[in-house]
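Summary of structural features
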Amino acid sequence: MNKKEIENIVSVLLEQYGYDEEKDDYLDIVAFTRSLGFNVINAEQPEEEDGFIVIRPDPTQDDDGFGDKIIVVNDKRSFEWKRFIIAHEFAHSMLHYQVGSLYLHRENKKGKSAEENEADYFAAALLMPRISFARNYKRLQKKGLPENPLLFQLASIYKVPFESVSRRVNEVCEMELIYG
């Protein structure tokens, strides 16, 4: 799936949720995913694991009380990384899940596959929506902030890892040039 298609899916989801890209900034990712039927669990995991997603199509499998759509995040990660992990795992449900099937996604390989890159892009677009992000980026640029303080301000606004902001700036600038 290309970046414009992902941006469009995210925009529709956000609009349905009531998020206004012209006015809103921060998205409560836990409330957002819960509104779509996901149970988000903060749990002890091996250090090398970030999190995973499980979707069970058969409600009779729900005898453990966790529900049929579960996102688990490593409790040792920072608040910002937990937000990104939740958005990333949710992205897999939107981009790679086949309705009616059992789905388990847990990535622990070195290197990034095309699916992982798509999920990262989706997560960034969800947590830092293009129009909102561009608006704040331009506002901070007008203040004359040097690049690193500007990126730290954006990371603070959207409560995401610094690395994600730096990458999103390039993505949004590219999108703005291509699609306006």
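It should be noted that the structure appears before, not after, this text.
Heads up: these notes are all about the structure in this document. Treat the numbers as computed from the prediction; the structure is a model and nothing was measured. (Residues numbered from 1 in each chain as written. Predicted model: local features only at pLDDT ≥ 70, side-chain atom pairs only at ≥ 80, totals over all residues. Heavy atoms only, no water.)

1. Quick look at the pairing of strand E2 (residues 51–55)
In terms of burial, E2 is largely enclosed, as five of its five residues are buried. Burial along E2 is two-sided: Gly51, Ile53 and Ile55 and Phe52 and Val54, pointing in opposite directions, are all buried. Relative to strand E3 (residues 69–74), E2 is paired through five bridges, and the arrangement is antiparallel. Across the sheet, the residue bridging to Ile55 is Lys69, located in E3. Note: E2 against strand E4 (residues 103–105), three bridges, orientation antiparallel. In the sheet register, Val54 faces E4, and the bridge partner there is Leu104. (Buried < 20%, exposed > 50% of the residue type's maximum accessible area, 1.4 Å probe, protein only. Helix = DSSP H or I, 4+ residues; strand = E, 2+ residues; numbered from the N terminus. Pairing = 2+ DSSP bridges.)

2. Focus: the sheet that holds E2
In space, the four strands of this open sheet follow the order E1-E3-E2-E4, with mixed pairing throughout. Where the open sheet ends on each side, the last strands, each with one partner, are strand E1 (39–43) and E4. Strand after strand, the sheet turns through a mean of 15° between neighbouring axes, direction not considered. (Axes fitted to C-alpha atoms, helices over the stretch in contact; angles between N-to-C directions.)

3. Examining the packing of helix H5 (residues 130–142) against helix H6 (residues 147–158)
At a closest axis distance of 10 Å, the pairing of H5 and H6 adopts a crossing angle of 140°. The angle between the axes of H5 and H6 places the two elements in the oblique class. Pair H5 / H6 crosses with right-handed handedness. Of the residues in H6, those touching H5 at Ser132, Phe133, Asn136, Tyr137, Arg139, Leu140 and Gln141 are Leu150, Gln153, Leu154, Ile157 and Tyr158. (Parallel < 35°, antiparallel > 145°, perpendicular 65-115°, else oblique. Left-handed = near helix turned anticlockwise from the far one by under 90°. Contact = heavy atoms within 4.5 Å.)

4. Let's talk about the packing of aromatic side chains
Tallied over the entire structure, the rule returns seven aromatic pairs. With a centroid separation of 6.1 Å and 55° between ring planes, the pair formed by Phe90 and Phe122 is classed as tilted. With Phe90 in helix H3 (residues 79–95) and Phe122 in helix H4 (residues 114–127), this pair connects stretches of sequence that are 32 residues apart. For the pair formed by Phe90 and Phe122, the shared burial category is buried. With centroids separated by 5.6 Å and ring planes inclined at 45°, the aromatic side chains of Phe133 and Tyr158 adopt a geometry described as tilted. Residue Phe133 is located in helix H5, and its partner Tyr158 is located in helix H6; the two are separated by 25 residues in the primary sequence. Here Phe133 matches Tyr158 in class, with each residue buried. An aromatic cluster of three or more residues is present, and its members are Tyr17, Phe32, Phe38, Phe90 and Phe122. We note Lys159 situated over the ring of Tyr26; from NZ or CZ to the ring centre the distance is 5.7 Å. (Phe/Tyr/Trp six-rings, centres within 6.5 Å; stacked < 30°, edge-to-face > 60°. Lys NZ or Arg CZ within 6 Å of the ring centre and 35° of its normal.)

5. Comments concerning the nonpolar core
The biggest cluster of nonpolar side chains holds 46 residues, and the ones touching the most others in it are Phe122, Leu126, Leu154 and Val165. Residue contributions to this core peak at eight residues, all from H4. With sequence-adjacent residues up to four places away left out, Leu126 is seen in contact with Val10, Leu14, Leu27, Ile29, Phe32, Ala87 and Phe90. With five residues, the next largest nonpolar core counts Ile41, Phe52, Ile70 and Val72 among its residues. (Core = buried A, V, L, I, M, F, W, Y, C linked by side-chain atoms within 4.5 Å.)

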